[in-house]
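Structure at a glance
Below, each chain spelled out in residue letters.
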Amino acid sequence: MSAFSDLTLDVVKVRADFPILERKVHGKPLIYLDNAATSQTPRQVIDVFADYYERYNANIHRGLHTLSDEATAAYEAVRETVARFLNANKRHEIIFTRGTTEAINLVANTWGRANLKAGDEIILSMLEHHSNIVPWQLLAQQLGLIIKVIPVDEHGALDMAAYRELISERTRLVAVNHVSNAFGTINPIRDMAAIAHDHGALILVDGAQAAPHEPIDVQALGVDFYAFSGHKVYGPTGAGALYGRAELLEAMPPWQGGGEMIKTVGFDGGTSFADIPHRFEAGTPAIAEVIAMGKALDWVSNIGIGLIGSWEQRLLAHANDRLRTIDGLRILGTAPKKAGVISFVVDGAHSQDIGLLIDQLGVAIRTGHHCAQPLLKHFGVDATCRASFGAYNTPEEIDIFADALERVIGMVR
Ligand code: PMP
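Residues numbered from 1 in each chain as written. Predicted model: local features only at pLDDT ≥ 70, side-chain atom pairs only at ≥ 80, totals over all residues. Heavy atoms only, no water.

1. With respect to the packing of helix α4 (residues 100-115) against helix α5 (residues 134-143)
Condition: For helices, the fitted line uses only the C-alpha atoms of the stretch in contact; every axis is such a line through C-alpha atoms, and the angle between N-to-C directions lies from 0 to 180 degrees. Per the convention used, a helix needs a DSSP run of H or I reaching at least four residues, while a strand needs a run of E reaching at least two, with both numbered from the N terminus. Small angles under 35 degrees read as roughly parallel and large ones over 145 as roughly antiparallel, with 65 to 115 read as roughly perpendicular and the rest as oblique. By convention the crossing between two helices is left-handed if the near helix lies anticlockwise of the far one by an angle smaller than a right angle, and right-handed if it lies clockwise. Should any heavy atoms of two residues lie within 4.5 Å, those residues are considered in contact. When residues are sorted by character, Ala, Val, Leu, Ile, Met, Phe, Trp, Tyr, Cys and Pro go into the nonpolar class, Asp, Glu, Lys and Arg into the charged class, and all the rest, Gly among them, into the polar class.
Axis separation between α4 and α5 bottoms out at 9 Å; the angle between their running directions is 25°. As summarised for this structure, α4 and α5 are arranged roughly parallel, according to the angle between their axes. Seen from above, α4 lies across α5 with right-handed handedness. Along its contact with α4, which presents Ile104, Asn105, Val107, Ala108, Gly112 and Arg113, the element α5 presents Pro135, Trp136, Leu139, Gln142 and Leu143. Across the contact of α4 with α5, the residue classes break down as 7 nonpolar, 3 polar and 1 charged.

So this is what it looks like as structure tokens:
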């Protein structure tokens, strides 16, 4: 850890929280560099599940019995945790969802259906994950909306001049990611939000890749909607959140109907809906998962998201230095502001082959289109290899990864 000793992140202590890091893959110590797809889970978060199911498993908001009260209190406390994590103004601005995908679909199907009409324009970007493209395409087909796409430059940074040209009074929504999952590009969300608002448009931000790496302040960013997934922030799968400005959420119709989202139900037209946030949380939610997500955010806050982000920046710089020396390796996505994600292709070697062979050496990276097919197509490739870093990765792991990569490339060429 010598090169990193000036930082106060105690990576040995961090790693001790992750039981999975002790396992071996194909007889080799696991080196997990697929954090952009899903991060690993600390013991404290895993323990939430046993504690919940052993002590207070009950449906929430319904019973008056002790277990239900305890489960409700623990679940609702996470709303406060998420509000703090995003610096939302009010806790009822936080809606629990299954993740980013569901959060975006929620906005498309509630705000979108209630407010958009044929000819209205939505601006997306070339950097988007499919989950911030397809919900808008579905809506556009049904309502006759027009989708415009902000291009990227050769480094994979958004072309802000083009954004200024695309936006007009016809634009109703700008939907962009904060950090690109495929390239790691960090987008200038505060500026983009100001430009959107100058034109009377709203801005939705897909924060799936930003939440694990940098402090989020939805008020300072000036965004209208912000979505993230728990499983990328050291939490479990099945839980995430949508932030929405209270005035917007209050005016939005429900999406899924069912228990918990109503005030009264009658067959005589007397059905009325609950206030926010419950209006958007129909049915029994992922109770244990939400409570565990809260624990994960506490875990992150205890270390400090700023410290995690700067640690990953050091890992990124180290990985860049190592990978740049590998013959025939080309890094895609070299924007000046990047999170800890490196996408690359290698002359004469298929990404898939590299991914499979390097797994044999215990190194987990992702290969494929990363659910960002338009972006990869724009750069003339079908697939890349992607290494993405988390709080528990070390410079030594990056060295092992780079050495393994050189070995594997030698084998497949
Ligand atoms: N947006 C981005 C930028 C992502 O990286 C991902 C996950 N890869 C998603 C959205 C979708 O997240 P989820 O699958 O957790 O809903």
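2. Let's talk about the sheet that holds strand β6 (residues 146-150)
Put simply, the test is: In this description, strands pair whenever DSSP reports at least two bridges between them.
Read from one edge to the other, the open sheet built from 7 strands follows the order β4-β10-β9-β8-β7-β5-β6, with strand pairing classed as mixed. The two strands at the open ends of the sheet, each matched to only one other strand, are β4 (94-97) and β6. Direction aside, the axes of adjacent strands within the sheet are offset by 20° on average. Where strand β5 (residues 121-125) lies against β6, 5 bridges are found, and the strand directions are parallel. Bridge assignment links Ile122 to a residue of β6, and that residue is Ile147. In this fold helix α3 (residues 66-86) packs onto β4, β9 (225-229) and β10 (240-244), with an angle of close to 115° to the strand it touches most, β4.

3. With respect to the sheet that holds strand β17 (residues 384-388)
One open sheet holds the 4 strands; their spatial order is β13-β14-β17-β16, and the pairing between them is antiparallel. Each of the sheet's edge strands pairs with one partner strand only, and the pair in question is β13 (329-332) and β16 (366-368). On average, adjacent strands in this sheet sit at an angle of 30° to one another, irrespective of strand direction. Pairing of β13 with strand β14 (residues 341-346), which is carried by 4 bridges, proceeds in the antiparallel orientation.

4. Brief notes about the pattern of salt bridges
For the record, the criterion: A side-chain nitrogen of Lys or Arg and a carboxyl oxygen of Asp or Glu constitute a salt bridge if their distance falls within 4 Å.
What the rule picks out here adds up to 20 salt bridges. The closest approach of N and O atoms between Arg366 and Asp34, which form a salt bridge, is 3.0 Å. Of this pair, Arg366 sits in strand β16 while Asp34 sits in the loop between β3 (31-32) and α2 (43-56); the two residues are 332 residues apart in sequence, bridging distant segments of the chain. For the salt bridge of Glu121 with Arg170, the shortest nitrogen-to-oxygen distance reads 2.9 Å. Of this pair, Glu121 sits in strand β5 while Arg170 sits in the loop between α6 (160-166) and β7 (171-177), and the two are 49 residues apart along the sequence. Residues joined by salt bridges that share partners form a network here, namely Glu76, Arg79, Glu80, Arg91 and Glu281.

5. Some words on unusual backbone geometry
Operational definition: Burial classification: accessible surface area is computed with a 1.4 Å probe over protein chains only, and a residue below 20% of its type maximum counts as buried, one above 50% as exposed, and the rest as partly exposed.
Looking along the chain, the bond that leaves Ile276 and enters Pro277 is cis, with omega of 0°. Following the sequence through the fold, Pro277 ends up in the loop between β12 (272-273) and α10 (287-303). Within the chain, His370 stands out as a residue other than glycine whose phi angle is a positive 55°. The residue His370 is located in the loop between β16 and α13 (373-378) in this model. On the basis of relative accessibility, which here comes to 7%, the residue His370 falls in the buried class. With a phi angle near 55°, Cys371 is a residue other than glycine that sits in the positive phi range. Tracing the sequence through the fold places Cys371 in the loop between β16 and α13.

6. Side note on the site of the ligand
To be explicit about the condition: Residues are counted as near a molecule or strand when any one of their heavy atoms sits within 4 Å of it. Think of a polar contact as two N or O atoms within 3.5 Å of one another; within protein, one of them needs to be a possible hydrogen donor and the other a possible acceptor, and neighboring residues in sequence only count if both atoms come from side chains. Here the accessible surface of atoms and residues is derived via Shrake-Rupley with a 1.4 Å probe, and residues count as covered only by protein chains that are part of the display.
Near the ligand, the surroundings consist of Thr100, Thr101, His129, Ser131, Asn181, Asp206, Ala208, Gln209, Ser229, His231 and Lys232. In this structure, His129 approaches the ligand through a side-chain N or O atom, which is 3.2 Å from a nitrogen atom. Residue Lys232 places a side-chain N or O atom 2.8 Å away from a nitrogen atom belonging to the ligand. Taken by itself the ligand offers 400 Å² of open surface, and the protein chains cover 84% of this.

7. Remarks on the state of the cysteines
In protein structure, a disulfide is the covalent linkage between the sulfur atoms of two cysteines. To keep it simple, the criterion reads: Note that a disulfide, as used here, is simply two cysteine sulfur atoms within 2.5 Å.
Counted by the stated rule, this structure contains 0 disulfides. Between Cys371, a cysteine without a disulfide, and Cys385, which holds the nearest cysteine sulfur, the sulfur-to-sulfur distance is 16 Å. With relative accessibility at 31%, the residue Cys371 sits in the partly exposed group.

8. Some remarks on helix α11 (residues 305-324)
We apply this condition: Expected span, for any helix, means 1.5 Å times one less than how many residues it has.
If you check α11, its first and last C-alpha atoms are 28 Å apart, about what 20 residues at 1.5 Å a residue would give, namely 28 Å. Where α11 is concerned, the buried positions are Ile305, Ile308, Gly309, Trp311, Glu312, Leu315, Leu316, Ala319, Asn320 and Leu323. At its buried positions, α11 is contacted by α1 (11-16), α10, β13, β14 and α14 (395-412).

9. A word on the packing of aromatic side chains
Rules: Any pair of Phe, Tyr and Trp rings, taking the six-membered ring for Trp, is counted once the centres come within 6.5 Å. Such a pair is stacked with planes under 30 degrees apart, edge-to-face with planes over 60 apart, and tilted for the rest.
If you walk through the whole model with that rule in mind, you get 11 aromatic pairs. The interplanar angle of 80° and the centroid separation of 5.0 Å between the aromatic rings of Phe183 and Phe379 together place this pair among those described as edge-to-face. Here Phe183, found in the loop between β7 and α7 (189-198), pairs with Phe379, found in the loop between α13 and β17; they are 196 residues apart in sequence, far enough to count as distant. Phe183 sits in the buried class, given a relative accessible area of 0%. Under the relative-accessibility criterion, Phe379 is labelled buried at 17%.

Geometric descriptors of this kind do not, in isolation, establish any biological role.
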